[in-house]
Every structure is written in structure tokens, then in C-alpha cells.
Amino acid sequence: MWRLKPLENVDTIEEPATFPLVSIIIPAWNEESTIKRSIINILKSSYTNFELIVIAGGEDKTFELVDDLSRKDNRIKAIKQEPLGKSAALNKGLEHKQGEIVIFLDADSLVDENWLNYLVKPIINKEANITVADFKPYIENWVTTWYSLYHSYLRYVTDKKGFFGGSTAFESAVFDNGIVLDDKVIADDYYLSIRCGDKYKIKFVKESIVRTDIPSTFADFLINGVRWVRILLHTTLLFNNKRKNVLFTLLNATYFTLGLPVYLLLYYTIGNEASFIFLEVWFIYFSLLILLNAIKPLALYRIDGNGKWLKYGWVALVFPVFVYLVYFYAMLTYKKVTPFFKGSRKF
């Protein structure tokens, strides 16, 4: 059985022949503007024993670009994708994999040269069954810091097993042992994190850096926040996963959003005293919830000493307000079309 010796410096690694083959699966739909750049970037990885399976399709030239690159490097496999969704594309990639380690990677991601060394090392050394790379946004600002803060806190403080970040590696045996993606699943990362969280050892790898395209303006945050909540609702309602947690969040969002209108209704119907009690309870409850978020940047700063958590710490107090509003709106408009970066998607 292969085993990677501990690496003191992956920048100078001399890759032994015993390193396992890694199957990198990329679903790419209408990614003409980014897919070539992403593939060329991956081919520069210092860990070279991999196959790149790109499930490509769409109304543009995504497949043609991937097919052309596959003729120049035999590590690339171009497979035509039908419009059946991301999970169906990942399943098709799994049908063609030959590696002992499988990686799901988003089509718009850019990876550091040594991301693959760091990502597969814990799996090869039997320290984990699944590893998750750390993500960095293309643009660092107060909006993208909210995503980094939220997901970093879940990973490194509360040890939640979410796969958000654009790149996750699995022992091939994970999929051989019955973990499969239902083609109806939209949130593949959320779905897999629920299915695998209690069965397999998951490790987050800070040194494995993947840059990904997350919303960097407040308008994009609102638009994509609504989309992501609808995806969460879709997966939760369809597969009955974490339903209680999601229901609690939705009730909070409803209570927060309707708090002031309900207060006004009570004020004009039953009088000032009772309505003021309601308003006082509402204000105290959500003030405590929002203030608790102030712990997040402080906890992360204690872990890694990164000054950005303190510089943008105020976002931990502001963004939860808009998150509740996004949840409420997404719940009311669940069946509507949500605009996204590359077109509209129906959920």
C-alpha cells in the first residue's frame, strides 16, 4: 500500500513513483471564459500523477476548448455533458475515474502550485478519508471577508464538516462504499458533507489554497445569498437532511423580519403596553444573537493571528441582519428564477 513520507518542504518534493493516481473531476457548464485558464493552471501543479476529467457542455464553446486541450496533454479527458445538472456531471466523472483519490474542483477555481501535495497528503498517510482545501476569494474586501469569516469559524472553531470552498478530496473507497450523489441534488457539497460527516474522518487543510469566485459586491451577496438559501431548502426538503436546523433558522428569519410590522399591528389593536413587551423581547433576543457573532473574528484571530479578522470584524455584526432578510425572501420566493453570474438557474 502506498504511503507518503512526511514532507518537510513540499516546494522541493521529489515525487516518488509510488504516489497514487489522483482523479480530478471538474463539471464545466458554460465556462468558456474561465475553463482554459483553470486547466492550464492545474497542469502546473507540482504533484503530477493525476488525470483531469472535465465534464464539459453548454451553449458556448466550453467542450471544444477542453477537447482541444485534451489532444495536447493525455492527462486531460474531455467528456460531453448534457444539461442534467452538476450532480449528474459529477456522477459521470466518477464513472470514468481511475485514481485512488478523487477530487471535485469547481471550473472557475485557480489553485496554488502545491495545493495537490497538501490536499492528498493526509489521505495517503491515513490521517483522513476526506480533505478540504482552504479557499481564498479572487477579491479581498469586506463582502468576501464575511464568507471567509463565516466558513473559517465553522471549520476551525466549531469543527463543522462542511465542504464549501471549491475543492474536496475523497478516498476512492468513499464512493465505492455506497456514498452516491442523487442527480436531483443541487448543493453537492452540502449534501456530501451531511452524508459523509458522521462516517468518515474529515480534515481541513489550510496549506492547500484554492482561489474561487465568490460574490465581492453587496448586490452580488444578496442575489447569490438568495440562490444559496434556495439550494439549501431544496436539498433539505428533498432529502430530509438537517431539517430541524434549517427550520430553526427560517423561524428566526421570519421572527426577525416580521418583528416590527407585528409590533405596529399589536400597537394599533391591543395597545401600547402589550406591544412594547413584544418589541422588548424581539429587540433583546436578536441583539444577543447578533452580538454573539462578535466572538467569531476574535476567535479566529486567536487561532491564526490574521489582522483582517479584526480589521473587518464589524461585518460579523452587520451581515447577520441581511442574512435573516435573505433567508426570509428566499423562503417566500422559493420557486422563482434566481439570477447568477453566468445566467439564471431554476430551483
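Residues numbered from 1 in each chain as written. Predicted model: local features only at pLDDT ≥ 70, side-chain atom pairs only at ≥ 80, totals over all residues. Heavy atoms only, no water.

**Description of the overall build of the protein chain**
At step 1: Broken down by element type, the protein chain carries 13 helices and 10 strands.
At step 2: Looking at the protein chain residue by residue over its 347 residues, the buried ones come to 49%.
At step 3: Taking all contacts inside the protein chain whose residues are at least 6 apart in sequence as the whole, residues at least 24 apart take part in 78%.
At step 4: Counting every atom, the protein chain has about 17200 Å² of accessible surface; 58% of that belongs to carbon and sulfur. (Helix = DSSP H or I, 4+ residues; strand = E, 2+ residues; numbered from the N terminus. Buried < 20%, exposed > 50% of the residue type's maximum accessible area, 1.4 Å probe, protein only. Contact = heavy atoms within 4.5 Å. Areas by Shrake-Rupley, 256 points an atom, 1.4 Å probe, with all protein chains shown as cover.)

**Description of the sheet that holds strand β3 (residues 76-80)**
At step 1: Pairing within the open sheet is mixed, and its 8 strands lie in the order β3-β2-β1-β4-β7-β6-β8-β5. Taken across any chain shown, the strands that pair with only one partner, and hence form the sheet edges, are β3 and β5 (110-111).
At step 2: Packing of helix α1 (residues 35-43) onto the sheet brings it into contact with β1 (22-29), β2 (50-57), β3, β4 (101-105) and β5, and relative to β2 it is tilted by some 175°.
At step 3: Packed on one face of the sheet, helix α5 (residues 142-156) meets β6 (130-137) and β8 (202-212) and runs near 155° to β6. (Pairing = 2+ DSSP bridges. Axes fitted to C-alpha atoms, helices over the stretch in contact; angles between N-to-C directions.)

**Here we look at the packing of aromatic side chains**
At step 1: Inspection of every chain in the model, using the stated rule, returns 23 aromatic pairs.
At step 2: Geometrically, the ring pair formed by phenylalanine 286 and tyrosine 324 is edge-to-face, given 5.5 Å between the ring centres and 80° between the ring planes. Remark: tyrosine 324 occurs in helix α13 (residues 315-332) and phenylalanine 286 occurs in helix α10 (residues 272-292); sequence separation between them is 38 residues.
At step 3: Owing to a relative accessible area of 13%, tyrosine 324 belongs among the buried residues under this scheme.
At step 4: Grouped by ring-pair contacts, the aromatic residues Trp142, Trp146, Tyr147, Tyr150, Phe218, Phe221, Trp228, Trp314, Phe319 and Phe322 constitute a single cluster.
At step 5: Its end group placed over the ring of tryptophan 309, lysine 308 keeps NZ or CZ at 4.8 Å from the ring centre. (Phe/Tyr/Trp six-rings, centres within 6.5 Å; stacked < 30°, edge-to-face > 60°. Lys NZ or Arg CZ within 6 Å of the ring centre and 35° of its normal.)

**As for a nonpolar patch on the surface**
At step 1: Taken together, the side chains of Trp142, Leu291, Trp314, Leu317 and Val318 present a nonpolar region at the surface, about 440 Å² in accessible area.
At step 2: By the element assignment, valine 318 lies in helix α13. (Patch = residues over 30% accessible without salt bridge, like charges linked within 9 Å, V, L, I, M, F, W, Y side chains within 5 Å. Salt bridge = Lys/Arg side-chain N within 4 Å of Asp/Glu carboxyl O.)

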